[in-house]
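Fold and geometry: a report
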Amino acid sequence: ERQNRVEASFIRPDGSVQHCMWFNSALINPRGETVSIMCQIEDITERVAAADRLLHLAQHDSLTGLLNRGAFMVRAHEAVGSLDGQGGDATEGVVILFMDLDGFKDVNDLHGHHMGDTVLRLVAQRLAHVVRAGDTLARLGGDEFTILMRGKPSPQELQQFLDRLLQIFDTPFALPDTDGVQVTLGVSIGVAAHPPLPAQVDELLTRADHAMYEAKRCGKGSVHYAVPASA
C-alpha cells in the first residue's frame, strides 16, 4: 500500500475558501501493480483558520492591530539583508523612524488608561493612512511607534513624508462617550538611515531611538536625524 497526502484549497459558491487534506491510498498487488485507489478528503478549514489566528496574534499588537516589535525586527532584518550586493546604489537603503507621542501621559492621567488605549488605536489608524505602500508600520510598546521605509527616499521625499506624519497630529483626537472631549497630541520623531549609518538593524533602531529623545528635547512636534559617530 502506498499513501500520498496533499493539501488543497477550493472556492465555495459563496466565495469563501475551503481548505482540505486529500489522502490517496493505493493498494499494490505482489507484482507491484496498482489494483485500487482509495481517496479520503478531510475538511481542515477550521484548523487552518486557527493556525492563521495564532500566527496573527504572534506577529501583531493586540491593542492596535499593527505589527509588534518582533515582527518589525524580522521585516527590518529582511530589508537590510536584501541590500547585500546592491553595490552602493544611491536609491537603495532603509530608513527607520522612531516615534514617541507628546502629551500622551496626560491622557492617561486625566481620562484613564482605557481612554489612553482608545487614543493609541486612533493614532495607529491615522499613521496607517499615511505610510507608503511597501513600508512597515509597527507599535513597539507603550506610546512608541516605528516605521521602516524600504528603498531610501530622497531628502525631499523624506521631508515631505515627515511633514505628513506631523500634520496628522494637527487635528485633535475625539474621545468617545465623553460629550465631545478632545485631546491634542504631538509626536517626536527620530530618524536613522542606512547609508550612511551602519546596516546592523539593532544599531539603526537604537540610533533612531536616541535621535527621538533628542527631538523631545527640542520641543513638541520635532524631528532629529541620527548621524554617524564621526560626523
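Just above, that's the structure.
Remember, it's a predicted structure, so these values are computed and weren't measured experimentally.

On to the packing of aromatic side chains. Under the definition given, this model contains one aromatic pair. Here the guanidinium or amino end of R126 rests over the ring plane of F173, the centre of that ring lying 3.7 Å away.

A separate point is unusual backbone geometry. A cis amide bond, omega -15°, links H194 with the succeeding residue P195. Cis geometry marks the peptide bond from P195 to P196; its omega dihedral reads 15°. Here P196 is to be found in the loop between β9 (186-194) and α6 (201-218). Backbone geometry places D179, a non-glycine residue, at a positive phi of 55°. As for its placement among the helices and strands, D179 is situated in the loop between β7 (173-174) and β8 (182-183).

Attention shifts here to the sheet that holds strand β10 (residues 223-225). A sheet is described by the order of its strands in space; here five strands give the open sequence β5-β6-β4-β9-β10, paired in mixed fashion. The open sheet has two edge strands, β5 (136-141) and β10, and neither has a second partner. Across the sheet, the mean angle separating the axes of adjacent strands is 20° when strand polarity is ignored. Note that β9 and β10 share three bridges and pair parallel. The partner of G190 across the bridge, within β10, is H224.

Put simply, helix α2 (residues 69-81) and α6 touch, their axes get as near as 10 Å, and they point 115° apart. Along this stretch, α2 crosses α6, giving a crossing that reads as right-handed. Facing α2, whose interface residues are R69, F72, M73, A76, H77 and V80, α6 presents V201, D202, L204 and L205. Of the residues assigned to the contact of α2 with α6, the class counts are seven nonpolar, one polar and two charged.

Moving on, we get to the pattern of salt bridges. In total, this model carries nine salt bridges according to the counting rule given. Close ionic contact of R31 with E33 constitutes a salt bridge, the shortest N to O distance being 3.3 Å. You can call R31 exposed: its relative accessible area is 67%. The class of E33 is partly exposed, set by a relative accessible area of 39%. D109 is paired through a salt bridge with K105; the nearest N and O atoms lie 2.7 Å apart. Residue D109 and its partner K105 are located together in helix α3 (residues 104-111), separated by four residues, close to a single helical turn. Each of the salt bridges in this network shares a partner with another, and the network as a whole consists of D100, D102 and K216.

Here is what the cut-offs are and how they apply
Residues numbered from 1 in each chain as written. Predicted model: local features only at pLDDT ≥ 70, side-chain atom pairs only at ≥ 80, totals over all residues. Heavy atoms only, no water. Phe/Tyr/Trp six-rings, centres within 6.5 Å; stacked < 30°, edge-to-face > 60°. Lys NZ or Arg CZ within 6 Å of the ring centre and 35° of its normal. Helix = DSSP H or I, 4+ residues; strand = E, 2+ residues; numbered from the N terminus. Pairing = 2+ DSSP bridges. Axes fitted to C-alpha atoms, helices over the stretch in contact; angles between N-to-C directions. Left-handed = near helix turned anticlockwise from the far one by under 90°. Contact = heavy atoms within 4.5 Å. Nonpolar A, V, L, I, M, F, W, Y, C, P; charged D, E, K, R; others polar. Salt bridge = Lys/Arg side-chain N within 4 Å of Asp/Glu carboxyl O. Buried < 20%, exposed > 50% of the residue type's maximum accessible area, 1.4 Å probe, protein only.

Worth remembering: the numbers are spatial, not functional.
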